[in-house]
Amino acid sequence: MSEKEVEMIQKLSSAVKKLDNNKQSYILGVAEGMAISKGMDNKEAEMKRREVSAGVR
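Rules of the game
- Residues numbered from 1 in each chain as written.
- Predicted model: local features only at pLDDT ≥ 70, side-chain atom pairs only at ≥ 80, totals over all residues.
- Heavy atoms only, no water.
- Helix = DSSP H or I, 4+ residues; strand = E, 2+ residues; numbered from the N terminus.
- Buried < 20%, exposed > 50% of the residue type's maximum accessible area, 1.4 Å probe, protein only.
- Expected span 1.5 Å × (residues − 1).
- Polar contact = N/O pair within 3.5 Å; in protein donor to acceptor, adjacent residues only side chain to side chain.
- Salt bridge = Lys/Arg side-chain N within 4 Å of Asp/Glu carboxyl O.

Asker: What should I look at first to understand the environment of Ser-2 in this one?
Answerer: Relative to the helices and strands, Ser-2 resides in the segment before α1 (3–17). Among the residues examined, Ser-2 registers a relative accessible area of 34% and is labelled partly exposed. Distance from Ser-2 to Ala-31, taken between C-alpha atoms, is 19 Å for residues 29 residues apart in sequence.

Structure representation (structure tokens):
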């Protein structure tokens, strides 16, 4: 992890600790949704790369 990423995580951690449980759950849900979305984007990109390399469009 880069120094910038570590700093960002530390700031988020401090901020989340100050939130009530409902808001903490919301932030966690947003983060998980973004991670899932990014994972799907990566899977779709990999499928397209495989199709192109196999000559399929």
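Asker: How do you make sense of helix α2 (residues 21–54) when you look at a structure like this?
Answerer: An α-helical segment advances 3.6 residues per turn. Residues three or four places apart therefore align on the same side. The terminal C-alpha atoms of α2 lie 49 Å apart, and with 34 residues this matches the ideal 50 Å at 1.5 Å per residue to within 8%. Between the side-chain oxygen at the start of α2 and the backbone nitrogen of Asn-22 there is a gap of 3.1 Å, and the oxygen is on Asp-20. Immediately downstream of α2, the backbone of Gly-55 shows phi near 85°, a positive value.

Asker: Would you explain the pattern of salt bridges in this entry?
Answerer: Between side chains of opposite charge, a pair can form when the charged atoms approach closely. The final tally for this structure, using the stated rule, is 1 salt bridge. Here Lys-11 and Glu-7 are joined by a salt bridge, their closest N and O atoms 3.2 Å apart. You can see Lys-11 and its partner Glu-7 sitting in helix α1, 4 residues apart, about one turn around the helix.

Asker: Whenever I open this one, the environment of Met-40 confuses me. Can you help?
Answerer: Looking at where Met-40 falls in the secondary structure, it is placed in helix α2. In this structure Met-40 comes out as partly exposed when scored by relative accessible area, which is 49%. On a C-alpha basis, the gap between Met-40 and Met-8 in space is 24 Å, while along the polypeptide they are 32 residues apart.

Interpretation note: all reported values are geometric properties and have no functional meaning in isolation.
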